[in-house]
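Listed below are the residues making up each chain.
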Amino acid sequence: MQSNIKFNIKAHNKIAADYAGIHGEIYNRHEQSRLHDALKEAIGLIMCGDIAKRKRVLDLGCGAGNLTDHLVSLGARVISSDVSDVFLSQIDERYGQSDVETLLLNGNDLSNIESASLDMVATYSVL
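Residues numbered from 1 in each chain as written. Predicted model: local features only at pLDDT ≥ 70, side-chain atom pairs only at ≥ 80, totals over all residues. Heavy atoms only, no water.

Glancing now at unusual backbone geometry. Located in the positive-phi region is A116, a residue other than glycine, with phi close to 60°. Mapped onto the elements, A116 comes out in the loop between β3 (100-104) and β4 (120-122). Unusually for a residue other than glycine, S125 sits at a positive phi of about 55°. The residue S125 is located in the segment after β4 in this model. (Helix = DSSP H or I, 4+ residues; strand = E, 2+ residues; numbered from the N terminus.)

The following block contains the structure:
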């Protein structure tokens, strides 16, 4: 299992710089519009906690930050998480000291995420 995780990390670190260009099936106007609308609807359906409070959302397997970008534009406080430190560096560079946090995942579990600390978990195009 650990060797599969290490292989996955190495592969994603290698393609991180070119990820968006490689995946035209994701990064096109139609799919991005559909994705934005689905996330907007999902955030709107969150009924727990303070309805007026900005929602805290985990982008699980954030990659190059596609979901993170949509979630930020929808007003969410985002935790972008991935096993790839290269992808997380891209997110840190793009968002700096904003409301976007990054979290390096271990590839096994979510033990480094505090229980009941999120309003929603979003994932997209993650194996």
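Once that is clear, we can look at the environment of L118. Mapping L118 onto the fold places it in the loop between β3 and β4. On the basis of relative accessibility, which here comes to 22%, the residue L118 falls in the partly exposed class. Note: C-alpha distance between L118 and I79 (39 residues apart in sequence) is 9.2 Å. Discounting residues that sit within four places of it in the chain, L118 has contacts with R56, L58, I79 and I113. (Buried < 20%, exposed > 50% of the residue type's maximum accessible area, 1.4 Å probe, protein only. Contact = heavy atoms within 4.5 Å.)

Counting 16 residues, the largest nonpolar core has L39, V57, L67, L71, A76, M120 and A122 as the members making the most contacts within it. Where this core is concerned, the elements lending two or more residues are α3 (29-44), α4 (66-73), α5 (85-95) and β4. Membership of the second largest hydrophobic core comes to six residues, among which are I79, V83, L103 and L105. (Core = buried A, V, L, I, M, F, W, Y, C linked by side-chain atoms within 4.5 Å.)

On the secondary structure map, L103 appears in strand β3. As for L103 and V83, which are separated by 20 residues in sequence, their C-alpha atoms are 8.6 Å apart. Each residue touching L103, except ones within four places of it in the same chain, is listed here: I79, S80, S81, D82, L88, N112 and I113.

Where strand β2 (residues 77-82) and β3 come together, five bridges link them in parallel fashion. Bridge pairing in β3 links I79 to E101. Where the polypeptide runs from β2 across α5 and back to β3, its parallel neighbour, the crossover connection is right-handed. (Pairing = 2+ DSSP bridges. Right-handed = clockwise from strand over helix to strand, strands pointing away.)

This part takes up α4. Of all the residues in α4, the buried ones are N66, L67, T68, H70 and L71. Lining the buried residues of α4 we find α3, β1 (56-60), β2, α5, β3 and β4. Count one or two residues on from α4 and you reach G75, which has phi positive near 90°.

Scanning the model with the defined rule gives three salt bridges in all. Of the charged contacts, one joins R56 and E101 as a salt bridge, the two residues approaching to 3.3 Å between their closest N and O atoms. Taken as a pair, R56 in strand β1 and E101 in strand β3 lie far apart in primary sequence, 45 residues in all. Classification of R56 as buried rests on a relative accessible area of 18%. A relative accessible area of 40% places E101 in the partly exposed class. (Salt bridge = Lys/Arg side-chain N within 4 Å of Asp/Glu carboxyl O.)

The quantities given are spatial measurements derived from coordinates; they are silent on function.
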